[in-house]
Amino acid sequence: MVPLPYLQMLRQESAAFSACLGHDLSTPVPHCGDWTLRDLAEHMGRGNRWVVAAVTDKRGDHEPPPAPRGDAEVRGWFDASVDELLAVLDTDPAGEAWTFHPPHTVGFWQRRRAQETLIHRWDAQSALGDALPFGPEFAADGVAEVFDTMAPRQVALGRAEPPRRALRLRATDTGRSWTYGPGEPVAEISGTAERLLLMLWGRLPADAASFSWSGDRAAGAAVLAGPLTP
């Protein structure tokens, strides 16, 4: 496969997220608990700076400073964090970095921050009433990341039990499929890569009309119950 242009994606998605910060920062973000846009902006800006330390200092215990108190300053503070992050990540993906899951490389963070920003851009735009669609290939990569990184981490941290049976997910727009769990799949859920990604991150229910199921649906739903993502 041709490597995806993660830095280009990160730049574009960060700009779209930043545009949301020009609105009322007290707007609730329904898919992020009791957070507001301000809370989400602080999460993203601090996360960007945490990753800068993970790459430059090879440490995972950095505590970035909080966002400015004044709402008018938050967007500029976030944008500066993006500039810092892009500068640090614009290097050899094979370079060493601290990460919370293999591989311990800069490339891990190029992908992870791009996918993190993609989901939270959708959250911010949805909170404001109009979320733009995902690119199918990036969405499919996000689905793959759930199964090769996020779900195994949930198990390793004791937040989820290893699946007892296997579920297959099939993206109707890209032709890609993923199997999670041991043995032959007992069920399959299909939908666009975007819909599947949103479902895996808890933004859509697995019984939404945009999905098609086959096989033992109850067993498949048990696999998805994981939880597969934080």
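Scroll up to find the structure this text is about.
Our subject in this report is the structure included herewith. (Residues numbered from 1 in each chain as written. Predicted model: local features only at pLDDT ≥ 70, side-chain atom pairs only at ≥ 80, totals over all residues. Heavy atoms only, no water.)

What to know about the packing of helix H1 (residues 6–20) against helix H4 (residues 106–128)
- Two numbers describe how H1 lies on H4: the axes approach to 8 Å, and their chain directions differ by 25°. Judged on the interaxial angle alone, H4 and H1 are roughly parallel. Pair H1 / H4 crosses with left-handed handedness. In this structure, H1 uses Tyr-6, Leu-7, Met-9, Leu-10, Glu-13, Ser-14, Ala-16, Phe-17 and Cys-20 to contact H4, whose residues at the interface are Gln-110, Arg-111, Arg-113, Ala-114, Gln-115, Thr-117, Leu-118, His-120, Arg-121, Ala-124, Gln-125 and Leu-128.
- Of the residues assigned to the contact of H1 with H4, the class counts are eleven nonpolar, six polar and four charged. (Axes fitted to C-alpha atoms, helices over the stretch in contact; angles between N-to-C directions. Helix = DSSP H or I, 4+ residues; strand = E, 2+ residues; numbered from the N terminus. Parallel < 35°, antiparallel > 145°, perpendicular 65-115°, else oblique. Left-handed = near helix turned anticlockwise from the far one by under 90°. Contact = heavy atoms within 4.5 Å. Nonpolar A, V, L, I, M, F, W, Y, C, P; charged D, E, K, R; others polar.)

Here we look at the nonpolar core
- Grouped together as the largest cluster of nonpolar side chains are 68 residues, with contacts concentrated most on Phe-147, Leu-169, Trp-178, Leu-197, Met-199 and Leu-200.
- Those residues within four positions of Leu-200 in sequence are excluded, and the remaining contacts are Val-143, Val-146, Phe-147, Leu-169, Leu-224, Leu-228 and Thr-229. (Core = buried A, V, L, I, M, F, W, Y, C linked by side-chain atoms within 4.5 Å. Buried < 20%, exposed > 50% of the residue type's maximum accessible area, 1.4 Å probe, protein only.)

Some details on H4
- Along its 23 residues, H4 runs 33 Å from first to last C-alpha, staying within 8% of the 33 Å computed at 1.5 Å per residue.
- Of the residues one or two after H4, Gly-129 is the one with positive phi, at around 105°. (Expected span 1.5 Å × (residues − 1).)

Details of the side chain of Asn-48
- Counting through the fold element by element, Asn-48 comes out in helix H2 (residues 37–56).
- In this structure the side chain of Asn-48 is engaged in a polar contact, spanning 3.0 Å, whose partner is the side chain of Ser-81.
- Setting aside residues up to four positions removed in sequence, Asn-48 forms contacts with Phe-78, Ser-81, Val-82, Leu-85 and Arg-113. (Polar contact = N/O pair within 3.5 Å; in protein donor to acceptor, adjacent residues only side chain to side chain.)

Observations regarding the pairing of strand E2 (residues 177–180)
- Along E2, the buried face is formed by Trp-178 and Tyr-180; none of Ser-177 and Thr-179, which line the opposite face, is buried.
- With four bridges joining them, strand E1 (residues 166–171) and E2 adopt antiparallel strand pairing. If you follow Arg-170 over to E2, its bridge partner there is Ser-177.
- Linking E1 to E2, which pair antiparallel, is a turn of five residues; within it Gly-175 sits at a positive phi near 80°. (Pairing = 2+ DSSP bridges.)

Regarding the packing of aromatic side chains
- Tallying each qualifying case throughout the model produces seven aromatic pairs.
- Seen from the ring of Phe-100, Arg-153 lies directly overhead, with NZ or CZ sitting 4.1 Å from the centre. (Phe/Tyr/Trp six-rings, centres within 6.5 Å; stacked < 30°, edge-to-face > 60°. Lys NZ or Arg CZ within 6 Å of the ring centre and 35° of its normal.)

A look at the packing of helix H5 (residues 136–156) against helix H6 (residues 193–200)
- Between H5 and H6, the least distance of the axes is 8 Å, while the angle of their chain directions is 35°. Considering how the two elements wind past one another, H5 and H6 form a crossing that is left-handed. For the pair formed by H5 and H6, the contact residues are Pro-136, Ala-139, Ala-140, Gly-142, Val-143, Val-146 and Phe-147 on the first element and Ala-193, Glu-194, Leu-196, Leu-197 and Leu-200 on the second.
- Here the contact of H5 with H6 is composed, by residue class, of ten nonpolar, one polar and one charged.

Points about unusual backbone geometry
- For the bond running from Pro-102 to Pro-103, omega is 0°, close enough to zero to count as cis.
- Within the element layout of this structure, Pro-103 appears in the loop between helix H3 (71–89) and H4.
- Backbone torsion omega between Gly-226 and Pro-227 reads 0°, so that peptide bond is classified as cis.
- In this fold, Pro-227 is placed in the segment after helix H7 (217–225).
- Look at Lys-58: it is not a glycine, yet its phi comes out positive at around 55°.
- Along the chain, the position of Lys-58 falls in the loop between H2 and H3.
- You can call Lys-58 partly exposed: its relative accessible area is 41%.

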